[in-house]
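As a plain string of letters, each chain reads:
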Amino acid sequence: MMMRPVLSLFPVLASLSLIACSPKTDTSTPTEAEASASSAASTSASKAADVAAGYVGRWTGPEGTSLEVVARQHDYEVTLSGKNTPGVFTGTVNGSAMQIERNGETLLIRHTTGAKTGVKYLADKLDCVSVSNGEGYCRD
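Here goes a summary of the coordinates provided. (Residues numbered from 1 in each chain as written. Predicted model: local features only at pLDDT ≥ 70, side-chain atom pairs only at ≥ 80, totals over all residues. Heavy atoms only, no water.)

### Notes on the environment of G57
Piece 1. Turning to its location among the elements, G57 is positioned in strand 1 (residues 57-60).
Piece 2. Linking G57 and A71, residues 14 residues apart in sequence, is a C-alpha distance of 9.0 Å.
Piece 3. Setting aside anything within four residues of it in sequence, one finds G57 in contact with L67, E68, V69 and R139. (Helix = DSSP H or I, 4+ residues; strand = E, 2+ residues; numbered from the N terminus. Contact = heavy atoms within 4.5 Å.)

Here it is in structure tokens:
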């Protein structure tokens, strides 16, 4: 009986195992809806950042009161000091305003003039924000 040489299957099996164990590369492109949603989210975040930039910094009020807005990673730290319910609050952008929750009440901090804050001491100032009627702060 004649012996035939056995063909080695090792190279073939090794190649197949490498192919089977290799990570799949995702070459799919996003759908139009996914691309649109991603673009809208990016635009919305950009607009919110633009709005918030106008609030970031220190604002002063009468009798040593102040409001300070500091940007954090996903929201803003709003510190109110003085006589009108002082504290540190989380701020978020709501339209063109900065929104905080204080003592269970949702408040919108809005840009305004000193005259419109309702605070006599601020009447001649132009670059101001108002938290509520009679509670305002301005940049000096």
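Let us keep going from here.
### Here's the deal with the pairing of strand 7 (residues 128-132)
Piece 1. The buried fraction of strand 7 amounts to 4 of the 5 residues, a majority that puts the element mostly inside the structure.
Piece 2. One ladder, built from 3 bridges, connects strand 6 (residues 105-112) with strand 7; its direction is antiparallel. Across the sheet, the residue bridging to T112 is C128, located in strand 7.
Piece 3. Where strand 7 and strand 8 (residues 135-138) come together, 4 bridges link them in antiparallel fashion. Within strand 8, the residue paired with S130 across the bridge is G136.
Piece 4. Connecting the antiparallel pair strand 7 and strand 8 is a turn made up of 2 residues, with G134 showing a positive phi of about 90 degrees. (Buried < 20%, exposed > 50% of the residue type's maximum accessible area, 1.4 Å probe, protein only. Pairing = 2+ DSSP bridges.)

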